[in-house]
Each structure stands twice: as C-alpha cells, then as structure tokens.
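Tertiary structure, described
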Amino acid sequence: MAAPQPQVLPPAPARPPEVTDAVPDAKGVKRMVILRGLDKITGRAIDVAAPVGVPVKYGSLTITARYCYTVPPEEPPETNAFLQIDDGRPGEPLKRMFSGWMFASTPALSALEHPVYDVWVITCRTDQPAPVENAPPPDLPPPPGRVPEERPPPAAAPPPGAAPLRP
C-alpha cells in the first residue's frame, strides 16, 4: 500500500482580491465587503477585502463573506454583512469562530470573539455603477449656461421740492 501524498495547496494569488472575484448574487451583482482587522498583539490594523463567496486569509483566520449591503446615500448610513470566520493553523482542523451578521454602525453588537484578532465591517463595494442622483427629467430643457445677475436699479434723484435727508 502506498503512503498517502500530502495535499498541496495552490499558491496564494499575487494580487489582492477584487470585486470581480466575487460570486454574483441572484441579480448578477458582485459584492465585496471591506473589513478592518486589528492584530491585538502588534496593534496593527489593516483593511481586508473579502469578495462574497471567496475565502480570504487574515493571520490565522479564514474569512468568507456571504452577503454585503450598504444602504443608499439618502438613508441613514449603515452597512451590514453576513460573515463566516474560521480559525486554524497549518495541520489543525478549522474551528468556526463566528457566523452571523456584522453591522458597521455597531461593531460591538455582533463581534468576533478571538484572543488575537478583532474584525469589523467598514463598507461594501459592488460592480454596479452608483445611481445618478438629482438628474433632471429628460423632458426638461438643459439649464442655461449663465444665469443673469440681478442688480438693484440706480439710485434715483430726489423729486423736485423734496427735503434733503439729514444724518
């Protein structure tokens, strides 16, 4: 019987993850959550880009974003993401440390409890263009190139026989 061969992992990608790497949702939109990770030992905080459906590494953590959404700009600011975070060192099985929703406005409400790392949501990005805000309806003429400046009429001379003004 032959000895089992060790599993060889593919090399890590040479470029950082991008929105185009994400798995599209039911509407075909690709999303990516931007997280901030804090290493409590070194005190170093870095931003981690996690395309939806693509596991990314941060230290010993493997972070998989399942959903990410940021509300439109006219609403109160909020970003939420459904994340699954596993911890595991080489040669050890992965242990699920977090599975649930994280909210950018209240990071302590639903936080990763880990002795070395803190992770919280910053924002979401999509491959869809931003909606055009305050665009005039197409049936209106374009605005004029220069708006005339209103000036008061020149001071008129007092009528004959009027008394002069005294200070």
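Notes on the structure in this doc start here. (Residues numbered from 1 in each chain as written. Predicted model: local features only at pLDDT ≥ 70, side-chain atom pairs only at ≥ 80, totals over all residues. Heavy atoms only, no water.)

1. Focus: the side chain of Arg31
- The topology assignment puts Arg31 in strand β1 (residues 31–39).
- A polar contact of 3.5 Å, which involves the side chain of Arg31, links it to the side chain of Asp25. (Helix = DSSP H or I, 4+ residues; strand = E, 2+ residues; numbered from the N terminus. Polar contact = N/O pair within 3.5 Å; in protein donor to acceptor, adjacent residues only side chain to side chain.)

2. So, the sheet that holds strand β4 (residues 61–70)
- Spatially, 4 strands are ordered β3-β4-β5-β6 in an open sheet, and the strand pairing comes out antiparallel. Each edge of the sheet is formed by a strand with only one pairing partner; in this case those strands are β3 (56–58) and β6 (95–103). Across this sheet, the average inter-strand angle for adjacent strands is 30°, counted without regard to direction.
- Across 8 bridges, the pairing between strand β5 (residues 79–87) and β6 is antiparallel. From the neighbouring strand, Phe82 faces β6, where its bridge partner is Trp101. (Pairing = 2+ DSSP bridges. Axes fitted to C-alpha atoms, helices over the stretch in contact; angles between N-to-C directions.)

3. What to know about the side chain of Thr79
- Here Thr79 shows up in strand β5.
- A polar contact of 2.9 Å, which involves the side chain of Thr79, links it to the side chain of Thr70.

4. Concerning the sheet that holds β1
- Reading across from one edge, β2-β1-β7 is the order of the 3 strands in this open sheet, with antiparallel pairing throughout. With one partner strand each, in any of the chains shown, β2 (44–51) and β7 (117–126) form the two edges of the open sheet. The sheet shows a mean angle of 25° between the axes of neighbouring strands, direction not considered.
- Note that β1 and β2 share 8 bridges and pair antiparallel. By the bridge assignment for β2, Asp39 is matched with Arg44.

5. What about the pattern of salt bridges?
- Evaluated as defined, the whole model comprises 4 salt bridges.
- Between Asp47 and Arg36 there is a salt bridge, with its nearest N and O atoms 2.6 Å apart. Separated by 11 residues along the polypeptide, Asp47 in strand β2 and Arg36 in strand β1 bring together distant segments of the chain.
- A relative accessible area of 28% places Arg36 in the partly exposed class.
- Arg96 serves as the salt-bridge partner of Asp86, at 2.5 Å between the closest nitrogen and oxygen. Within this pair, whereas Asp86 is found in strand β5, its partner Arg96 is found in strand β6, the two being separated by 10 residues in sequence.
- Assessed through its relative accessible area of 11%, Asp86 is described here as buried. (Salt bridge = Lys/Arg side-chain N within 4 Å of Asp/Glu carboxyl O. Buried < 20%, exposed > 50% of the residue type's maximum accessible area, 1.4 Å probe, protein only.)

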